[in-house]
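Observations on the three-dimensional arrangement
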Amino acid sequence: VRRGEAMRHPFFWVVTGGVATCGLLGTAVNFHQISLLAARGLSTAEAAANFIPQTVAALVATLATGMLADRVRHRWLIIAAMASLAGGLAWATQVTPGISAVLFGALIGAAGGSMRALEAATFPRYFGTRHIGSIRGMVAALSVASTAFGPLLYAAAHSATGGYTSVLWASLPLPLLIAAVALFVRPPRLREHHP
């Protein structure tokens, strides 16, 4: 399947939307994590250390999603990733030091790890490998663009409101929308692919 044909299928945009949403919001949270968590009572060291549970959760979610991608319908994996991201954003408005902060980091990390693994497993399966470079290149371009805008949006919101609560709640509908669309969009029909 050529890139143009893949891009005409709604499933391409559901997966790409999930990857870009994780890029947009995950990077925004990561860039502002020290400030965000410090405002919730964590020390600078505790806020910085939160990258550890994020990384561990991302690794575990990547491996788990890779295994589940052959056993579970991909729509449920997309929904799970978006639910994890939405949960992390909502939790960030209430997070406190300790286990609460670890849970926040795990939710954000798991979302990104899941979507990256799912994108890697999904596109070769449904669109073949002949044009996979150009297909995944488009996804990468959109993902990189999203990561550039997320931190800027959060910085602007913080400057305007003096905090992150409003922008976190305003971000919440995006992963929920992707999850809702994933519930109804079917992947392309599997076909024989030749390299």
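Right, let's walk through the structure included here. In this text, all values refer to a predicted model and were calculated from it rather than measured experimentally. (Residues numbered from 1 in each chain as written. Predicted model: local features only at pLDDT ≥ 70, side-chain atom pairs only at ≥ 80, totals over all residues. Heavy atoms only, no water.)

**Topic: the overall build of the protein**
What counts here: Counting from the N terminus, the helices are the DSSP runs of H or I reaching at least four residues and the strands are the DSSP runs of E reaching at least two. Each radius of gyration is computed over the set of C-alpha atoms, and the globule rule expresses the reference value as 2.2 Å times the number of residues to the power 0.38. Remark: exposure states derive from per-residue accessible area (1.4 Å probe, protein chains only) relative to the maximum for the residue type, with buried under 20%, exposed over 50%, and partly exposed in between. Contacts: residue pairs with any heavy atoms within 4.5 Å of one another. In this description, accessible areas are obtained by the Shrake-Rupley approach with a 1.4 Å probe, and a residue is regarded as covered only by the protein chains that are shown.
Counting secondary structure elements, the protein contains ten helices and zero strands. The secondary structure elements of the protein, listed N-terminal to C-terminal, are α-α-α-α-α-α-α-α-α-α. The C-alpha atoms of the protein give 17 Å as radius of gyration, which agrees with the globular expectation for 195 residues (16 Å, within 12%). The principal-axis extent of the C-alpha atoms belonging to the protein is close to 55 × 30 × 25 Å. Burial status across the protein gives 46% buried among its 195 residues. Considering only contacts in the protein between residues 6 or more positions apart, those separated by 24 or more positions represent 81%. For the protein, the accessible surface area stands at approximately 9,700 Å², while carbon and sulfur atoms represent 67% of it.

**Some details on helix α7 (residues 99-127)**
Stated formally: Each residue after the first adds 1.5 Å to the expected span of a helix.
With 29 residues, α7 ought to run about 42 Å at 1.5 Å a step, and its terminal C-alpha atoms sit 41 Å apart, in line with that. Downstream of α7 by one or two residues, Gly128 has phi in the positive range, about 80°.

**A short note on a nonpolar patch on the surface**
In plain terms, the rule: Patch membership is restricted to residues that have no salt bridge and whose relative accessible area is over 30%. Joining uses 9 Å for like charges and 5 Å for the nonpolar side chains Val, Leu, Ile, Met, Phe, Trp and Tyr. The salt bridge definition used is simple: a Lys or Arg side-chain nitrogen within 4 Å of an Asp or Glu carboxyl oxygen.
On the surface, Leu68, Val72, Trp76, Leu183 and Phe184 cluster together into a nonpolar patch covering about 480 Å² of accessible area. Inspection of the secondary structure assignment puts Phe184 in helix α10 (residues 173-184). Take Phe184: its relative accessible area is 67%, and that puts it in the exposed class.

**Some points on the packing of aromatic side chains**
The following threshold applies: Geometry of aromatic contacts follows a simple scheme: Phe, Tyr and Trp rings, the Trp one being its six-membered ring, pair when their centres are within 6.5 Å, and the pair is stacked under 30 degrees between planes, edge-to-face over 60, tilted otherwise.
A full pass over the atoms with the stated rule returns four aromatic pairs. Look at Phe123 and Phe127: their rings are 5.6 Å apart centre to centre, the planes differ by 35°, and that puts the pair in the tilted class. You can see Phe123 and its partner Phe127 sitting in helix α7, four residues apart, about one turn around the helix. In terms of burial, Phe123 and Phe127 fall into one category: buried. Aromatic ring contacts, followed pair by pair, group Phe12, Trp13, Phe123 and Phe127 into a single cluster.

**Describing the pattern of salt bridges**
Summed over all chains, the structure comprises one salt bridge. Put simply, Glu119 and Arg136 hold a salt bridge, and the shortest N to O gap is 2.8 Å. Here Glu119, found in helix α7, pairs with Arg136, found in helix α8 (residues 132-161); they are 17 residues apart in sequence, far enough to count as distant.

**What about the nonpolar core?**
Selection criterion: Residues belong to one nonpolar core when they are buried, are Ala, Val, Leu, Ile, Met, Phe, Trp, Tyr or Cys, and are joined through side-chain atoms within 4.5 Å.
With 49 residues, the main nonpolar core has Ile78, Met82, Leu89, Met115, Phe123, Tyr154 and Leu168 as its most contacted residues. For this core, the secondary structure elements donating two or more residues are α2 (10-31), α3 (33-38), α6 (74-92), α7, α8, α9 (165-171) and α10. The element that contributes the greatest number of residues to this core is α2, accounting for ten residues. Contacts of Met82, omitting those with residues within four sequence positions, involve Gly18, Thr21, Cys22, Met115, Pro175, Ile178 and Ala179.

**Comments concerning the environment of Gly133**
Its location among the elements puts Gly133 in helix α8. On the basis of relative accessible area, Gly133 is assigned to the exposed category, the value being 58%. Along the backbone, Gly133 and Arg3 are 130 residues apart, and their C-alpha atoms lie at a distance of 8.9 Å.

**A closer look at the environment of Asn50**
By the element assignment, Asn50 lies in the loop between α4 (44-49) and α5 (51-68). Along the sequence, Asn50 and Ile34 sit 16 residues apart, while their C-alpha atoms lie 9.1 Å from each other. If we ignore the near neighbours within four places in the chain, the residues touching Asn50 are Gln33, Leu37, Ala101, Val102, Phe104 and Gly105.

**Let's talk about the side chain of Ser146**
In this fold, Ser146 is placed in helix α8. Those residues within four positions of Ser146 in sequence are excluded, and the remaining contacts are Ala20, Gly23 and Leu24.

**Considering the environment of Ala179**
As for its position among the elements, Ala179 is in helix α10. Spatially, the C-alpha atom of Ala179 lies 5.9 Å from that of Met82, the residues being 97 residues apart in sequence. Residues contacting Ala179, with those up to four places away along its chain left out, are Ile79 and Met82.

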